[in-house]
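One letter stands for each residue in the lines below.
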Amino acid sequence: MKSSKTNDTIRNIAIIAHVDHGKTTLVDAMFRQSGLFRANQKVEERLMDVLDLERERGITIAAKNCSVTWDGIRINIIDTPGHADFGGEVERALSMADGAVLLVDASEGPLPQTRFVLSKALDAGLKIIVVINKIDRQDARPYEVLDEIYDLLIDLDATDEQLEFPILYAIGREGIATRSLEETGKDLSSLMETILSEIPGPTYHPDAPFQMLVSDLGYSDYLGRLAVGKIFNGQAHAKDDLVCVGEDGKTTPLKVTSLQIYQGMKLKEVDEVQAGDIVVLAGVREVKIGDTICTEQSPLALPRIRVEEPTVSMEILANNSPLSGKEGPLVQAGRILERLKKETLRNVSIQVETTGKQDAFIVKGRGEFQLAILIETMRREGFELCVGRPKVIFKYKNGKKLEPMELVMIDCEERFLGVVSEKLSLRKGKMTNLINNGKGRVRVEFSVPVRGLIGYRDEFLTDTRGTGILHTLFDGYGEFLGDYPSRFTGSIVAERSGHAVPYALFNLEPRGRLFIRPGEPVYEGMIIGEHNRPRDIDVNPCKEKKLSNMRAAGRDANIILSKVTPLTLEQAIGFIRDDELVEVTPKSIRLRKTVLSAKVRHATRAARMKEQAAG
């Protein structure tokens, strides 16, 4: 076979950045300045955030593709998530790239999630371009941040070639990039020219048969299943007869019914695609991420996309509460399983397993945040389900029990350092680094077990009055550090069904924090609040004031209840214990006991205490 060639008409780049460092805003500016839109065309901001959850939370959840054209060369842009919980998205996205733009905030510098995605890009041997963004911030420190980037690359064992990266300075919001801080930029031409000159075109072997690695999946009502990926070798045409090579090496024949390439955010149908193109191919019925599409005469599979193993599992059950089916149309266990299996096709880092129970399934992922996003997405699609507390996945090696660990970086005011250190030490956290710049804020790093962070994020925001910033990064497996108390409070549990009454809730407020408002439906076993003391208590939230001939008219108008803030899904998942569930519907998030009957729960507790006393 002859030596490889380069397709200089294409550039495939991934954009790497930590959450909120301006990646999506920069891509918006690239779209505008490449002539993708008319001068007077009204365009929404953050075009790449196509999911509702992405727009609401301001983060990238799913890796997406788009393209711009500059000087006649098509630049395919792959938008990668900045959160480590979506690592599976990162790994499949980078499989399509030949280079990467590393975007770093001029004030915050490289943060843990930057480290995660960058390490994957370096392992893939991608050429790196560094862009220091938001240089117009008052607290910008571009020179120090550049030193931190060099330190990070050296720490990640970057090669000498990778360390000789070009540097640009940008204000993404204004669509400006310059090669030095002294220059006054007008547009992004410096960035686009650097991409064309520094990032190599995709390489291919001119004599090799057609090979395409499937990196993403889609679905069209008109075309059926869609395979998205980069062509590594050869050419393909519409109506070609090809085969799909699966993980087991078996081939499935297919006929190409449509070939599309990215033009901006939209797709453009073409008759022919060439090596280096990122294409959307229709005509294959059964395909998975990591499969290879190639010719029937030379069915050679490319190396599959491999992702790190999941670290957290969660039980998902069909909703069996007394309120089941009243707020969502999709309640059947079969529909839930079908939806979960569909997620595994699109997200390579999600795994689904069945249990001995007909209506319960185990979902495994890279973190509780990833699983919470999946549940929230299903909720918005109309599903009703119950969710158990996330559990970490342990490993055993040489007779030792190992657990997943997280590197936690915290940026907070100095006065909150004591409470943060105390809370994390209770959760088996160990401080590894502390930086105090003398300006009132500190940066501190901890090594914490993954199970210690379940439910901690909201507690951290409360402890730091909403001013703290917490970032995490998976840090491998370490020796099991022992048990710790997950919650020091009990639950206030309803003992009967009905609707909550103001008089009853007013009398329950001294017992703890309530989660429900007057008029809300309740049922036996539903958790309506957090008890001040460690044990659970059963209460009657439906109790009304008894009438008497001494009662004055309008007497109950004096009842004023404390304001109740509804729990978010993440707060609810972090709050529950092992014997509790979160009931999730399109309209409500409720907490409940796994066993609803108070009589059965009390009998089980009494039997357990009897066994412990006898033992």
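Just so you know, these numbers come straight off a predicted model, no measurement behind them.

Now for the overall build of the chain. Broken down by element type, the chain carries 15 helices and 37 strands. The buried share of the chain, reckoned over its 615 residues, is 53%. Expressed as a percentage of contacts within the chain between residues at least 6 apart in sequence, the contacts between residues at least 24 apart total 72%. Accessible surface, the chain: about 29,400 Å² in total, of which carbon and sulfur atoms supply 48%.

As a further point, take helix α12 (residues 456-463). For α12, the set of buried residues is Y456, F460 and D463. Axial view of α12: buried residues confined to an arc of 65 degrees, hence all on one face. Lining the buried residues of α12 we find β26 (400-413), α10 (417-426), α11 (450-453) and β29 (469-479).

Let's shift gears to the confidence of the model for the chain. Predicted confidence across the chain gives a mean pLDDT of 82, with 90% of residues reaching 70 or more. Per-element confidence in the chain ranges from a low mean pLDDT of 46 for helix α2 (residues 52-57) to a high of 93 for strand β23 (residues 385-387). Note on residues 37-51: pLDDT is under 50 here. Beyond four places in sequence and across chains, it has 37 contacts. Here residues 53-63 is modelled with pLDDT under 50, and outside its nearest four sequence neighbours on either side it reaches 48 contacts, counting other chains as well.

A positive phi is found at D71, a non-glycine position, where the angle reads about 55 degrees. Along the chain, the position of D71 falls in the loop between β3 (64-70) and β4 (73-79). Of note, K134 is a non-glycine position whose phi angle comes to about 60 degrees, a positive value. Of note, K134 is situated in the loop between β6 (127-133) and α5 (142-155).

Moving on to the sheet that holds strand β10 (residues 211-220). Overall, antiparallel pairing links the 8 strands, which are arranged β14-β13-β19-β10-β11-β18-β15-β16 in an open sheet. A single partner strand is all that each edge strand has here, and the edge strands are β14 (251-255) and β16 (266-269). Ignoring which end each strand starts from, the neighbouring axes of this sheet average 40 degrees apart. Where strand β15 (residues 258-263) lies against β16, 4 bridges are found, and the strand directions are antiparallel.

Next up on the list: the nonpolar core. Within soluble globular proteins, side chains that are nonpolar tend to cluster in buried spots. Formed by 38 residues in total, the largest nonpolar core has its most connected members in L102, L118, I128, I132 and I149. Contributions of two or more residues to this core are made by β2 (10-17), α3 (87-94), β5 (99-105), α4 (112-123), β6, α5, β11 (224-233) and β18 (278-282). Setting aside its immediate chain neighbours within four residues, L118 contacts I16, L102, I128, L152, L153 and L156.

By the element assignment, T295 lies in strand β19 (residues 292-295). Judged by its relative accessible area of 15%, T295 falls in the buried class. A distance of 3.2 Å separates the side chain of T295 from the backbone nitrogen of S298, its partner in a polar contact. Not counting residues within four places of it along the chain, the set of residues in contact with T295 comprises P209, F210, L242 and V243.

The next subject is the pattern of salt bridges. Pairs can form between side chains of opposite charge whenever their charged atoms are close. A full pass over the atoms with the stated rule returns 35 salt bridges. The closest approach of N and O atoms between R339 and E343, which form a salt bridge, is 3.0 Å. Note that R339 and E343 are positioned in helix α8 (residues 333-346) at a spacing of 4 residues, about one turn of the helix. A relative accessible area of 10% means that R339 is categorised as buried. Given a relative accessible area of 17%, E343 falls into the buried group. Three or more residues joined by partner-sharing salt bridges are found here, namely D536, R577, D579, E580 and K593.

Okay, the packing of α8 against helix α9 (residues 368-380) next. Axes are the key here: two packed helices are described by the angle between their axes and the distance separating the axes. The contact between α8 and α9 brings their axes to 12 Å, and the two run at 130 degrees. Classed by the angle they form, the pair α8 and α9 counts as oblique. Two packed elements cross with a definite hand, and for α8 against α9 that hand is right-handed. Taking contact as the criterion, the partners of I336, R339, L340 and E343 in α8 are, on α9, L374, T377 and M378. Tallied by class, the residues present in the contact of α8 with α9 amount to 4 nonpolar, 1 polar and 2 charged.

In contact at an axis separation of 10 Å, α10 and α12 are set at 160 degrees when each is read in the N-to-C sense. The orientation of α10 with respect to α12, classified from their angle, is roughly antiparallel. With respect to the hand of their crossing, α10 and α12 are arranged in right-handed fashion. Along its contact with α10, which presents V419, V420, K423 and L424, the element α12 presents Y456, E459, F460 and D463. Classifying every residue of the contact of α10 with α12 by side-chain character gives 5 nonpolar, no polar and 3 charged.

What follows covers the pairing of β5. Looking down a regular strand, the side chains alternate between one sheet face and the other. Counting buried positions over the 7 residues of β5 gives 7, a clear majority of the element. Going residue by residue along β5, you find G99, V101, L103 and D105 tucked away on one face and A100, L102 and V104 tucked away on the opposite face as well. Inspection of the sheet shows β2 paired to β5 by 5 bridges, in the parallel sense. By the bridge assignment, I16 is partnered in β5 with L102. Pairing geometry for β5 and β6, over 7 bridges, is parallel. Across the sheet, L103 pairs through a bridge with V131, a residue of β6.

The rules behind each value
- Along every chain, residues carry numbers that run from 1 in the direction the sequence is written.
- Only residues with pLDDT of at least 70 are given local features in this predicted model, and only at 80 or more are side-chain atom pairs given and counted; all residues enter the totals for whole chains, interfaces and linings.
- Here the side-chain values reflect all heavy atoms present in the structure, with hydrogen atoms and water set aside.
- Elements are defined by DSSP. Helices are runs of H or I of four residues or more, strands are runs of E of two residues or more, and each kind is numbered from the N terminus.
- Remark: exposure states derive from per-residue accessible area (1.4 Å probe, protein chains only) relative to the maximum for the residue type, with buried under 20%, exposed over 50%, and partly exposed in between.
- It only takes one pair of heavy atoms within 4.5 Å for two residues to be counted as in contact.
- Note on areas: Shrake-Rupley, 1.4 Å probe, and residue coverage restricted to the protein chains presented here.
- The arc in question is traced by the directions running from the helix axis to the C-beta atoms.
- Each residue gets a pLDDT score, which is the predictor's confidence in that residue and runs from 0 to 100.
- Any two strands with at least two DSSP bridges between them are considered paired.
- Fitted lines through C-alpha atoms serve as axes, helices being fitted only where they are in contact, and the angles separating the N-to-C directions of these axes extend from 0 to 180 degrees.
- Residues enter a nonpolar core if they are buried and are Ala, Val, Leu, Ile, Met, Phe, Trp, Tyr or Cys, with the set joined through side-chain atoms within 4.5 Å.
- Here a polar contact is taken to be a pair of N or O atoms separated by no more than 3.5 Å, where protein atoms must pair a possible hydrogen donor with a possible acceptor and residues adjacent in sequence count only if both atoms sit in side chains.
- Salt bridge criterion: a side-chain nitrogen from Lys or Arg within 4 Å of a carboxyl oxygen from Asp or Glu.
- Every angle not falling under 35 degrees, over 145, or within 65 to 115 is termed oblique; those three ranges are roughly parallel, roughly antiparallel and roughly perpendicular.
- Note: crossing handedness is left-handed where the near helix turns anticlockwise from the far helix by less than a right angle, and right-handed where it turns clockwise.
- In this classification, the charged set is Asp, Glu, Lys and Arg, the nonpolar set is Ala, Val, Leu, Ile, Met, Phe, Trp, Tyr, Cys and Pro, and all remaining amino acids, among them Gly, are polar.

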